[in-house]
Amino acid sequence: MDVFSDLMMGFSVAISPINLLYLLIGAMVGMVVGVIPGFGPSAGLAILLPVTFGMDPTGAIMMLAAIYYGAMYGGTITSILLNTPGESATVASTFDGFPLARNGRAGPALVMQAAASFVGGTVGVILITILAPMFAQVSRSFGPPEYFLLAVMGMLTLIVMIGSHWKLGVISALIGFALGTVGVDLETGQGRYTFGSAELIGGVYFIPVAIGLFGLGELFFAFYTGLHRTGTGGIVQYDRQSRFWPTAEDWLSTRMTMVRGSILGFVVGVIPGAGATIASLMAYSTERSISRNGHNFGNGEMAGLVAPETANNAASSGAMIPLLTLGIPGSASTAVLLAAFLLWGLRPGPLFMETNPELAWGLIASMYLGNMALLAISIFAIPLFVQIIKVPYRILGPTVVVICAIGTFSVHASFIELYLMFAAGVIGFFMRLYGFSPAALVLALVLGPLAEEALRQTLTISRGSFMIFVDRAPSLWIIGVTVTLVLLLPLLNRFGSRNAASAESAGG
Amino acid sequence: MRIAFFLVVLTGAIFYSYVAFADLGFLSRTGRLGPGFFPRIIGVAAIVMTLWALVDELRARRGPGGAFEQWRDVAVLIAFALGYAVLLRLFGGFVATFLFLLLTLSVLNPGRRLTNGLVAVIVPGVVYLLFDQLLNANMPPALIDLPI
């Protein structure tokens, strides 16, 4: 079957009434998750993962993916109207989004961000459709050495992007790896770190840890930063009657920005560890450098809003490629998505699209439909999201605690897991407070068992020689790419952050 | 607090490594890499990295971070959240959620009794309908049944 007929088959799966309903619920929930400041897609996914357990896997994965990319759409609404990014990938959207709103152009800014997100997301899905089968084809030649190196690449790129706190990122990852070793060793059957507890034989459960770190930990940190004290008094009002729609100039002047942002965002998204935040900052900086109006960035330039918006949505699509074709998550959010796959007994990897065509292509097709739905929701449901922004955080906070607790318990009806979630929440708060990386911990927790198994198999094959990593051509390629990324990414990150910081100061 | 957190991580790393070296073999009986191989690498790396970061922290000599107000609010929320974990075990999902929300909101959102009361009733109701009725999932059962 060729790509087109695969995609058509995917559409036939995605447009079943129940799957469409799940998709719409996911898109809507994703937007709500994005709108709530201090609450990213990883937290939303982790908390809502248990809710999907009673559902058909295809519909559930479609819904979770829609939450993931829907959060990118929602996060910008607060960036524009409140100067508070709903999540980290929409930080760059505040630089010109809020000045546009303050200049009386909130309506056009909101519509343009929705359009840019749609273009970025859709270009990203088109590229997934074309490239995912190719990636799967290439990765079929991969063996244990390559899988180990890919896991290392994912962790290393994530850690180098942390910047000056990289040592704390390494420690966070090591804690995640350590937690991943708890339970029965599958090769020898010996228990590790179980201390006689039957509950720990199966290992440290991913869901309570992820919900605790991302849900409760982020919530506690938001309270520490005083998010519950800052009301929504600073919200910029917008006119829905006149001056709501963008002008022809807005569309024409940003058309190439959308193309550049989409391609750059997608490429960055494919790199494990880089993610949507880096993509949006890099797109903003690139646009600022090449635009004729670069000097005006930070004062309400439409291209300054469109560039990061296309990039972060394209990046979230790009991140699905290593997930689907290699089974390697590149970010905390895709790590939660991978956990969802594993919980349903599905193992993403080179053969995934061949052995589960309905699910894989149904998911890709659903992303086309999801982006269309999100475009409509983003424009026409703005008043609803403005009302959500107005719900005080001091009421929202305790409600999130309830959803985290009941959601965790609902998975295995285990009080041990419930207590583990609360413990992870407190630890997650201190990790955020002191500069550690909960994302690195969760990624390592997911990748750890995979990396250990691959390393042990590799060294068994090579009879203990590490030369196997340079003897095999695919391994050598992965090492080359990893070294390039480790050297290049900090420079690009610095370039993006520096330009973004000067734009922020220009905008006041 | 910051140094204390580092010390807790370091203690954990030392304990983890001790178990890896004392209880878990580097090689299995068949001569392959054993269950202790990976944990030993992780444990040693964790000790080295934590010591390195700790030395950096001691050199940086930061002052105590965060105002009293910041710590008070987050401490209240953490304390109530941990209390909620206990209440869930004792009174089950619905009653514990009602009590937790009523108490927490009365502290964090004072003076708005009607709003707080409505949230404390509506949220457990919606959660019950969603998890117990719609999704057929488990709500925490009560250890002590209340006559309601």
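Residues numbered from 1 in each chain as written. Chains lettered and ligands numbered in written order. Predicted model: local features only at pLDDT ≥ 70, side-chain atom pairs only at ≥ 80, totals over all residues. Heavy atoms only, no water.

This part covers the overall build of chain B. The helix and strand tally for chain B stands at four helices and zero strands. Listing the helices and strands of chain B from first to last along the sequence gives α-α-α-α. Dimensions of chain B, computed from the C-alpha atoms along their principal axes, are close to 65 × 50 × 25 Å. Among the 148 residues that make up chain B, the fraction classed as buried is 39%. Pairs at least 24 apart in sequence give 51% of the contacts found in chain B among residues at least 6 apart. Summed over its atoms, the accessible surface of chain B is roughly 8500 Å², and 68% of this surface lies on carbon and sulfur atoms. Charge centroids of chain B, computed over 11 positive and 7 negative side chains, lie 8 Å from each other. (Helix = DSSP H or I, 4+ residues; strand = E, 2+ residues; numbered from the N terminus. Buried < 20%, exposed > 50% of the residue type's maximum accessible area, 1.4 Å probe, protein only. Contact = heavy atoms within 4.5 Å. Areas by Shrake-Rupley, 256 points an atom, 1.4 Å probe, with all protein chains shown as cover. Lys, Arg positive; Asp, Glu negative; His and termini not counted. Charge placed at Lys NZ, Arg CZ, Asp CG, Glu CD.)

This brings us to the overall build of chain A. If you tally the helices and strands in chain A, you get 21 helices and two strands. The dimensions of chain A, computed from C-alpha atoms along their principal axes, are 70 × 50 × 45 Å. With 508 residues in all, chain A has 65% of them scored as buried. The contacts of chain A with a sequence gap of at least 6 include a subset with a gap of at least 24, amounting to 80%. Taken as a whole, chain A presents about 17400 Å² of accessible surface, with 67% of it coming from carbon and sulfur. Counting 21 positive and 23 negative side-chain charges, chain A places the centres of these two groups 11 Å from one another.

Okay, a nonpolar patch on the surface next. Residues and elements named next belong to chain B. Together, Leu114, Leu118, Val121, Ile122 and Val126 line one region of the surface with nonpolar side chains, adding up to about 490 Å² of accessible area. Here leucine 114 is to be found in helix α4 (residues 113-134). Given the relative accessible area of 65%, leucine 114 is considered exposed. (Patch = residues over 30% accessible without salt bridge, like charges linked within 9 Å, V, L, I, M, F, W, Y side chains within 5 Å. Salt bridge = Lys/Arg side-chain N within 4 Å of Asp/Glu carboxyl O.)

Time to look at the environment of serine 12 of chain A. Tracing the sequence through the fold places serine 12 of chain A in helix α1 (residues 3-14). Among the polar contacts listed, one links the side chain of serine 12 of chain A to the backbone oxygen of methionine 9 of chain A, at a separation of 2.5 Å. (Polar contact = N/O pair within 3.5 Å; in protein donor to acceptor, adjacent residues only side chain to side chain.)

Let us look at helix α19 (residues 438-461) of chain A. Residue and element names in this part refer to chain A. In this model, α19 (24 residues) spans 34 Å end to end at C-alpha, consistent with the 34 Å of a helix rising 1.5 Å per residue. Bending of α19 peaks at approximately 40° at the position of leucine 447, with proline proline 449 no more than four residues after it. Most of α19 sits out of view: 18 of its 24 residues are buried. Where α19 ends, the next residue or the one after it, arginine 463, has phi of about 55°, a positive value. (Expected span 1.5 Å × (residues − 1). Bend = angle between axes of the 7 residues up to and from the residue.)

A word on the pattern of salt bridges. Side-chain pairing between opposite charges can occur once the charged atoms of the two side chains come close. All names here are of chain A. Scanning all chains against the criterion turns up 12 salt bridges over all chains. The shortest N-O distance in the salt bridge between aspartate 250 and arginine 105 comes to 2.5 Å. Here aspartate 250 is found in helix α9 (residues 248-270), whereas its partner arginine 105 is found in helix α5 (residues 92-139), with 145 residues between them in sequence. For aspartate 250, a relative accessible area of 6% corresponds to the buried category. Across the salt bridge formed by arginine 456 and glutamate 187, the nearest N and O atoms sit 4.0 Å from each other. With arginine 456 in helix α19 and glutamate 187 in the loop between β1 (183-184) and β2 (191-192), this residue pair connects regions lying 269 residues apart in the sequence.

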